[in-house]
Amino acid sequence: MPDTLLSVRDLKLHYFTSKGAVRALDGVSFDLAAGETLGLVGESGCGKTTTGVALLNMPSPPGRIVSGSIMLDGAEIVGMRDRELRTRVRWSRISMVFQGAMNCLTPVYTVRALMMETFKAHTVTSRLENAEAESLLRHYIGLVGLPEHILGRYPHELSGGMKQRVVIAIALFLEPKVVIMDEPTTALDVIVQAQILNLIKVLKRDLNLSYIFITHDLATEAEVADRIMVMYAGKVAEIGTNQQIFGEKGPLHPYTQKLLNATPRLRRKVSELAFIPGAPPDLLDPPAGCRFSPRCPFAREKCRQVEPPITRLEDQHEVACWKAMEDPDYARS
Ligand SMILES: Nc1ncnc2c1ncn2[C@@H]1O[C@H](COP(=O)(O)OP(=O)(O)O)[C@@H](O)[C@H]1O
Ligand SMILES: [Mg+2]
């Protein structure tokens, strides 16, 4: 892929709990091009947030990257020392708007103090003088559409939309190239959602950012993403362009089809089931073969025994499904 900014190969991140290893990421590979928005979708528990924090090499305990590679702009993130990650990678080259972060802003800090904390934690001290930092803060607070006096306010004095703008400013003001947005509009009411989504799009264009945009809502993804990566139970089920997933032909993986049919704004075949029966498997002990097979209407013996490898069926369109590999038109007649 031209101008690949981020390249993830066979990434495994497991949570080592007292009950055993939760295989939250189990061999995930994908690329992100400069200026691209890659949408990450899947039901709750499929490994979307874990993918995001893995890219910062910042798994929450008891998680650990077990193997694989994350090349960001020519540098290997897996195995990188913590100090280097802190001062040269996190926030300065890749940052994340964490799921629900707007509700976790430290209440005793002003917006200015919150931003300065991030600044001090993620820059080599004395690289910038305080005056320069202050002008960066003001600039980015303005970019996210907030007046300067907000810098002196405390989180409880701000509305939900304003808090989310602050969180976005914190993710951006050290000028990373890649920003991971984890459910950035989920906790907001509908009108504010639209405003924040619009802000996210404008910032991407004006700052030439690349996004990994995580949401469980396919309709939002159809609006923002250039390509879509569908995750199921710690694995990639399907990757394709916006057109390949949401266009006339439709997706290849039965799981993606189910997700689409469960999204009223995108559903085409009204007669189909509007929900997906069952739940994603326990990642302490995932099913053999294809992890979706227990819920899949097309599953055969082979699907229950042999795991389908992710396979390119069309230019830019990859799927991990025996049915789709053998008959790519099975769902399109
Ligand atoms: N800190 C943790 N400790 C143990 N298991 C975790 C932890 N965080 C996430 N998991 C498990 O990892 C899997 C993926 O979770 P997550 O990445 O949060 O999914 P998503 O963001 O798609 O909802 C789930 O099975 C979840 O229970
Ligand atoms: Mg999540």
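The structure under discussion appears in the preceding block.
Residues numbered from 1 in each chain as written. Chains lettered and ligands numbered in written order. Predicted model: local features only at pLDDT ≥ 70, side-chain atom pairs only at ≥ 80, totals over all residues.

A.B. asks: Can you walk me through the sheet that holds strand β1 (residues 4-17) in this structure?
C.D. replies: The strands that make up a sheet pair up through hydrogen bonds in the backbone, lying either parallel or antiparallel. Taking strand neighbours across the sheet as the criterion, the four strands line up as β2-β1-β4-β5 in an open arrangement whose pairing is antiparallel. The two strands at the open ends of the sheet, each matched to only one other strand, are β2 (20-33) and β5 (75-76). Pairing between β1 and β2: ten bridges, direction antiparallel. Each bridged residue has a counterpart across the sheet, and for V8 the counterpart in β2 is F30. Sheet strands touched by helix α1 (residues 48-55): β1, β2 and β4 (63-72). Its angle to β2, the strand with the most contacts, is close to 70 degrees. (Pairing = 2+ DSSP bridges. Helix = DSSP H or I, 4+ residues; strand = E, 2+ residues; numbered from the N terminus. Contact = placed C-beta atoms within 7 Å. Axes fitted to C-alpha atoms, helices over the stretch in contact; angles between N-to-C directions.)

A.B. asks: I'm lost on the site of ligand 1 in this one. Help?
C.D. replies: Around ligand 1, 16 residues are found, and the nearest of them are Y15, A24, K48, T49 and T50. Of all the elements in the fold, those that place two or more residues in the shell around ligand 1 are β1, β2 and α1. Among the elements that make up the shell around ligand 1, the one with the highest residue count is α1 (three residues). Across the shell around ligand 1, the residue classes tally to six nonpolar, nine polar and one charged. (Near = placed C-beta within 6 Å. Nonpolar A, V, L, I, M, F, W, Y, C, P; charged D, E, K, R; others polar.)

A.B. asks: Where do I start with helix α5 (residues 160-172) in this structure?
C.D. replies: In an α-helix, one turn spans 3.6 residues, which is why side chains three or four residues apart end up on the same side. The end-to-end C-alpha separation of α5 is 18 Å, in line with the 18 Å expected for 13 residues at 1.5 Å each. Of all 13 residues making up α5, eleven are buried, and the element is well covered by its neighbours. (Expected span 1.5 Å × (residues − 1). Buried ≥ 20, exposed ≤ 12 C-beta atoms within 10 Å, placed from the backbone.)

A.B. asks: Would you take a moment to explain helix α3 (residues 111-122) for this structure?
C.D. replies: Between the first and last C-alpha of α3 there are 17 Å, a value that for twelve residues agrees with the 16 Å anticipated at 1.5 Å per step. Looking only at α3, the buried set comprises V111, L114, M115 and F119. Looking down the long axis of α3, one finds its buried residues gathered within 140 degrees of arc, a one-sided arrangement. In α3, the exposed residues that point more than 90 degrees away from the buried face are K120 and A121. Its buried side turned inward, α3 meets α4 (130-143) and α5. (Arc of directions from axis to C-beta.)

A.B. asks: What's the story with the pairing of strand β10 (residues 235-241) in this structure? I'm lost.
C.D. replies: Regular strands have side chains that alternate between both faces of the sheet. Counting buried positions along β10 yields six of seven residues, so the element is predominantly enclosed. Relative to β10, strand β9 (residues 227-232) runs antiparallel, the two sharing six bridges. Bridge assignment links M231 to a residue of β10, and that residue is V236. Taking the residues between adjacent antiparallel strands as the criterion, β9 and β10 are bridged by two residues, where A233 takes a positive phi near 50 degrees. As paired strands, β10 and strand β12 (residues 317-319) are joined by two bridges and run antiparallel to one another. Directly across from I239, in β12, lies its bridge partner E318.

A.B. asks: When you look at the sheet that holds β9 in this model, what are you seeing that I'm missing?
C.D. replies: Here eight strands make up an open sheet; going across it, the order is β6-β7-β8-β3-β9-β10-β12-β11 and the pairing mixed. In the strand order of this sheet, the two ends are held by β6 (94-97) and β11 (311-314), each with one partner. Neighbour to neighbour, the strand axes of the sheet diverge by 20 degrees on average, direction disregarded. As paired strands, β11 and β12 are joined by three bridges and run antiparallel to one another. Opposite R312, over in β12, you have E318 as the bridge partner.

A.B. asks: Where do I start with the environment of E134 in this structure?
C.D. replies: Within the secondary structure, E134 sits in helix α4. Overall, E134 belongs to the partly exposed group, with 16 C-beta atoms counted inside 10 Å. Remark: the alpha-carbon pair of E134 and L203, spanning 69 residues in sequence, is separated by 20 Å.

A.B. asks: How should the environment of I200 be read in this particular structure?
C.D. replies: Inspection of the secondary structure puts I200 in helix α6 (residues 190-207). Judged by local crowding, I200 falls into the buried class, with 22 C-beta atoms found within 10 Å. When the C-alpha positions of I200 and G52 are compared, they lie 17 Å apart, and in sequence the two are 148 residues distant. Every residue in contact with I200, bar those within four places of it in the chain, is listed here: M181 and P184.

A.B. asks: Looking at this model, I keep getting lost on the pairing of β4. Mind explaining?
C.D. replies: Here β1 pairs with β4 via eight bridges, running antiparallel. Each residue of the ladder has a partner; that of S7, found in β4, is M71. Sheet analysis places β4 next to β5, joined by two bridges and oriented antiparallel. Looking across to β5, one finds that L72 is bridged to A75.

A.B. asks: Teacher, can you tell me more about the environment of P294 here?
C.D. replies: On the secondary structure map, P294 appears in the loop between α9 (254-261) and α10 (301-305). Take P294: there are 15 C-beta atoms within 10 Å of it, and that puts it in the partly exposed class. The residues contacting P294, other than those within four sequence positions of it, are G278, P281 and P287.

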